[in-house]
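Residues per chain are reported as follows:
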Amino acid sequence: MEIQDLRPEYEVPVKRIGFRNVLKRIVIRSPSGMYSFDARINLYVEISSERKGAHLSRSVDAINVLDYLPQESWSLEGLVDAIHTQLLKLHPYSMSANVTLYTNYWARAQFGEMSSLEPVKVKVSVKGSSKSKVYSLSVAVKGITVCPSAQSTIASMLGYAGLAPSHSQKVTLVGTIVTNVLKVINVDDIAAQLWKSVSAPAFTLLKRPQEAALVIGAHRNPKFAEDAVRDAVRRLRCLVGDKLPPDSLIRAEIYSLESIHPHDVYAMAEGTLKELPEVNCNDSSSGANNV
C-alpha cells in the first residue's frame, strides 16, 4: 500500500487537490480552420476523509490526453471535457474533478467602418462527477462606456442641442454561459455580442480620424454599467436561444476603470434561460455601430 492510500491522522475530506497553471500548447481543428493556443490549465480531484493523499502524477497523465486526442473532432469545450473524463479514470477513488483552461483568442471587433482582430480572454471549465457535469464558458472583452448621466447634465448646463461631452471609462465585460450539457458556443459570436453591449469596443490600433469616429460613436451610445450587463445578458440569451436547456445560466459582469473617481465600478446580472424575460431577438437596434 502506498502512503497516499493510508488513512490521514485528521479525517477531513479534501475538496480540491491538484495542479494550477500547467502550461500546454494545444491545437484545435474547428469547422472554421485550425487554431493553436497557449493554455494554462488547473485540474483538481476530490479525496475522501479516508485517504491521506492523491496520486498527483496521474493528473499529469490526464493532461497528456492532449497528445493523442483526434484534434479534428475537438473544440475547447470538448478538449476540457476529455481531460475531466481522463482525470476521473486515473483517480478512481475520486467522485468529482474540476478542470479549468485559460487562453487568449483573437476575435473580430466591428464598430462602424472600423474592424480588426482584437484579443479576448477565454475560460472553459468542467466540474462534477462522470455522471453529472457542469460546463462553463467565459469570454472577456475590452471596451468603452460613456456616462449618460454626466452627458445629460452637461448638455443641460451648457445648453447643448446636439451631442454633449461626458466622461468615459475603459471596461472589461465578461459573459459567462453555464450549462449541464456539452454544447459549443462560438467564441467569436459571444465576443461580438459583448462588444455590442458597451458604448464601443476598444481597438489596438487607431489613426486620428478613427479615434475621433470612435469617441463620437461612443458618445452617441452612452451606457451605465447596469445598461451594459443587462444588454449583454439579453444578447447572450438571444445567441443561445433554444440550443441549451432552460436551467442554463447566463451571467454578465463589468469591471469599469473610472476616469473621474479614485475607485472603480462593478456590476453583474444573471439568470437562467427560464427566469430571464422574453425578448425580441430580431430587434437589432442598439446604436452601438452608429458612428
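In this report, we go over the structure that sits alongside the text. Everything quoted here is computed from the prediction, not taken from an experiment. Counting restarts for each chain: residues are numbered from 1 in the order of the written sequence. Where totals are concerned, whole chains, interfaces and linings use all residues; where local detail is concerned, this predicted model gives features only for residues with pLDDT of at least 70, and gives and counts side-chain atom pairs only at 80 or more. Each side-chain value is derived from all of the structure's non-hydrogen atoms; neither hydrogens nor water enter the calculation.

### Points about the packing of aromatic side chains
The condition is simple: Ring pairs are drawn from Phe, Tyr and Trp, using the six-membered ring of Trp, whenever the two centres fall within 6.5 Å, and their geometry is named by plane angle: stacked under 30 degrees, edge-to-face over 60, tilted for the rest. Labels follow the DSSP assignment, with helices taken as runs of H or I lasting at least four residues and strands as runs of E lasting at least two, numbered in each case from the N terminus. Burial classes follow relative accessibility: with a 1.4 Å probe on protein chains only, a residue under 20% of its type's maximum area counts as buried, one over 50% as exposed, and anything between as partly exposed.
In the structure shown here, the tally under the stated rule is four aromatic pairs. Residues tyrosine 35 and tyrosine 105 carry aromatic rings whose centres are separated by 6.0 Å and whose planes lie at 45° to one another, so their mutual orientation is tilted. Note that tyrosine 35 is positioned in strand β2 (residues 33-47) and tyrosine 105 in strand β3 (residues 97-111), a separation of 70 residues in sequence. Accessibility expressed as a relative area gives 28% for tyrosine 35, which makes it partly exposed. Ring-pair connections join several aromatic residues into one group, and the members of that group are Tyr35, Phe37 and Tyr105.

### Looking at a nonpolar patch on the surface
What counts here: Exposure above 30% relative accessible area and the lack of any salt bridge qualify a residue for a patch; like charges then connect within 9 Å, and the nonpolar side chains Val, Leu, Ile, Met, Phe, Trp and Tyr within 5 Å. For accessible areas, the Shrake-Rupley method is used with a probe of radius 1.4 Å. Any residue's cover is judged against the shown protein chains and nothing else. Only one rule defines a salt bridge in this text: a Lys or Arg side-chain nitrogen within 4 Å of an Asp or Glu carboxyl oxygen.
The grouping of Met1, Ile3 and Leu6 at the surface amounts to a nonpolar patch, some 370 Å² of accessible area in total. Looking at the secondary structure, you find isoleucine 3 in the segment before β1 (14-30). Residue isoleucine 3 is classed as exposed on the basis of its relative accessible area, which comes to 58%.

### Observations concerning helix α3 (residues 148-158)
Residues that lie three or four places apart on an α-helix share one face, since the helix turns once every 3.6 residues. To be explicit about the condition: This arc is built from the directions going out from the helix axis to the C-beta atoms.
Taken together, the buried positions of α3 are occupied by Pro148, Ala150, Gln151 and Ala155. Projected down its long axis, α3 shows its buried positions confined to an angular sector of 160°, all on one face. Structural note: α3 exposes Ser156 and Met157 on the side pointing more than 90 degrees away from its buried face. Once α3 ends, the next one or two residues include glycine 159, with phi positive near 70°.

### Quick notes on helix α2 (residues 76-90)
Using the following cut-off: For a helix, the expected span equals 1.5 Å multiplied by the residue count minus one. Contacts were defined at the residue level, with two residues in contact if any of their heavy atoms lie within 4.5 Å.
Helix length check: α2 (15 residues) gives 21 Å between terminal C-alpha atoms against 21 Å at 1.5 Å per residue, within 8%. In terms of residue burial, α2 counts as a mostly covered element, since 12 of its 15 residues are buried. Listed in full, the buried residues belonging to α2 are Leu76, Glu77, Gly78, Leu79, Val80, Asp81, Ala82, Ile83, His84, Gln86, Leu87 and Leu88. Elements that come into contact with the buried residues of α2 comprise β1, β2, α1 (57-63), β3, β4 (114-128) and β5 (133-146).

### Some remarks on the state of the cysteines
Convention followed: Throughout, disulfides are identified as pairs of cysteine sulfur atoms within 2.5 Å of each other.
Applying the stated rule across the entire model yields one disulfide. Shown here is the disulfide that connects cysteine 238 with cysteine 281, its sulfur atoms set 2.2 Å apart. A torsion of -85° about the S-S bond marks the disulfide between cysteine 238 and cysteine 281 as left-handed. Separated by 43 residues along the polypeptide, cysteine 238 in helix α6 (residues 225-240) and cysteine 281 in the segment after β9 (265-272) bring together distant segments of the chain.

### So, the pattern of salt bridges
Following the criterion strictly, the structure yields 10 salt bridges and no others. Where aspartate 231 meets arginine 234, a salt bridge forms, and the shortest distance between an N and an O atom there is 2.6 Å. With aspartate 231 and arginine 234 both in helix α6 and three residues apart, this pair spans about one turn of that helix. Here arginine 234 falls in the partly exposed class, since its relative accessible area comes to 25%. Of the charged contacts in the structure, one is a salt bridge between arginine 251 and glutamate 270, with a shortest N-O distance of 2.8 Å. Separated by 19 residues along the polypeptide, arginine 251 in strand β8 (residues 249-257) and glutamate 270 in strand β9 bring together distant segments of the chain. Here arginine 251 falls in the partly exposed class, since its relative accessible area comes to 23%. Residue glutamate 270 is classed as partly exposed on the basis of its relative accessible area of 40%. Overlapping salt bridges, with partners in common, bring together Lys223, Asp231, Arg234 and Arg235 in one network.

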